[in-house]
Amino acid sequence: HGTIDSSAPSSTAAASNEVQSLPTVRPPADPASTTSNATTKSNVPVSEDFEIAFEAVVTSNDHDKVVSSFTILRKLITNATTKGQGDDEDQAQKFRKVRLGNAKIKAAIVEVEGAFDLMNAVGFQLTEEEGESFLVFPKGFKGENWLPVALARMEKYEKS
């Protein structure tokens, strides 16, 4: 919330007939961080699905688990939307496909309430191949216009 500027005149002016000045109140440094309306300076709102999943992750899991999960999720999302969209399809495909049976992935997505839904919200889709489950990001898709806002929000939480 805002801060009060202590350099404003004191209330002793009220004792005389002078007009009293009220202290100046500055707005919060980052208004978006104090509300559930997830927008940034560019006013790009995140999807409702992302908002719900993000809230589930941060309210249903302990802080350290969320930080660890977000670190991995952001890396997976960033790789899928950049390296996963490269010209060399054999190489690019590796960055768009996440094996849920992998121990680190399981700890970051499967065992963190809301994390699977968050990955779905940003574009990953569940597929089954030869009895294994994968999250796959679509080829030719670099993410929704709100994705940078979502990634920044996750990173901000990691640093909290």
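Quick summary incoming for the structure in this document. (Residues numbered from 1 in each chain as written. Predicted model: local features only at pLDDT ≥ 70, side-chain atom pairs only at ≥ 80, totals over all residues. Heavy atoms only, no water.)

### Focus on the packing of helix 2 (residues 63-81) against helix 5 (residues 115-122)
Step number 1: The contact between helix 2 and helix 5 brings their axes to 11 Å, and the two run at 25°. The orientation of helix 2 with respect to helix 5, classified from their angle, is roughly parallel. As for how helix 2 packs across helix 5, the hand of that crossing is right-handed. Contact with helix 2, carried on its side by Ser69, Phe70, Leu73, Leu76 and Ile77, involves Ala115, Leu118, Met119 and Val122 of helix 5 and no other residues of that element. (Axes fitted to C-alpha atoms, helices over the stretch in contact; angles between N-to-C directions. Helix = DSSP H or I, 4+ residues; strand = E, 2+ residues; numbered from the N terminus. Parallel < 35°, antiparallel > 145°, perpendicular 65-115°, else oblique. Left-handed = near helix turned anticlockwise from the far one by under 90°. Contact = heavy atoms within 4.5 Å.)

### Quick look at the side chain of serine 69
Step number 1: Its place among the elements puts serine 69 in helix 2.
Step number 2: Excluding anything up to four places from it in sequence, serine 69 contacts Ala108, Val112 and Ala115.

### Some thoughts on the packing of aromatic side chains
Step number 1: Summed over all chains, the structure comprises seven aromatic pairs.
Step number 2: Where phenylalanine 50 meets phenylalanine 54, the ring centres are 5.8 Å apart and the plane angle is 35°; that geometry is what we call tilted. Taken together, the residues span about one helical turn, with phenylalanine 50 and phenylalanine 54 both in helix 1 (residues 48-60) at a distance of four residues.
Step number 3: Phenylalanine 50 gets classed as buried once you look at its relative accessible area, which sits at 0%.
Step number 4: Taking relative accessible area as the criterion, phenylalanine 54 reaches 5% and is therefore assigned buried.
Step number 5: Look at phenylalanine 54 and phenylalanine 70: their rings are 5.4 Å apart centre to centre, the planes differ by 20°, and that puts the pair in the stacked class. Of this pair, phenylalanine 54 sits in helix 1 while phenylalanine 70 is found in helix 2, placing the two residues 16 residues apart along the sequence. No difference in accessibility class separates phenylalanine 54 from phenylalanine 70, as the two residues are buried.
Step number 6: Through a chain of ring-to-ring contacts, three or more aromatic side chains come together here, namely Phe50, Phe54, Phe70, Trp146 and Tyr157.
Step number 7: Above the plane of the ring of phenylalanine 134 lies lysine 97, whose end atom (NZ or CZ) is 4.5 Å from the centre.
Step number 8: Across from the ring centre of phenylalanine 54, 4.0 Å away, lies the NZ or CZ of arginine 153, which sits over that ring. (Phe/Tyr/Trp six-rings, centres within 6.5 Å; stacked < 30°, edge-to-face > 60°. Buried < 20%, exposed > 50% of the residue type's maximum accessible area, 1.4 Å probe, protein only. Lys NZ or Arg CZ within 6 Å of the ring centre and 35° of its normal.)

### Examining the nonpolar core
Step number 1: Grouped together as the largest cluster of nonpolar side chains are 34 residues, with contacts concentrated most on Phe50, Phe70, Ile109, Leu118 and Phe124.
Step number 2: Mapped by element, the contributors of at least two residues to this core are helix 1, helix 2, helix 4 (103-110), helix 5 and helix 6 (147-158).
Step number 3: Sequence-distant contacts of phenylalanine 70, that is, excluding residues within four places in its chain, are made with Phe54, Val57, Val58, Leu118, Met154, Tyr157 and Glu158. (Core = buried A, V, L, I, M, F, W, Y, C linked by side-chain atoms within 4.5 Å.)

Don't take any of this as a statement about function, it's just geometry.
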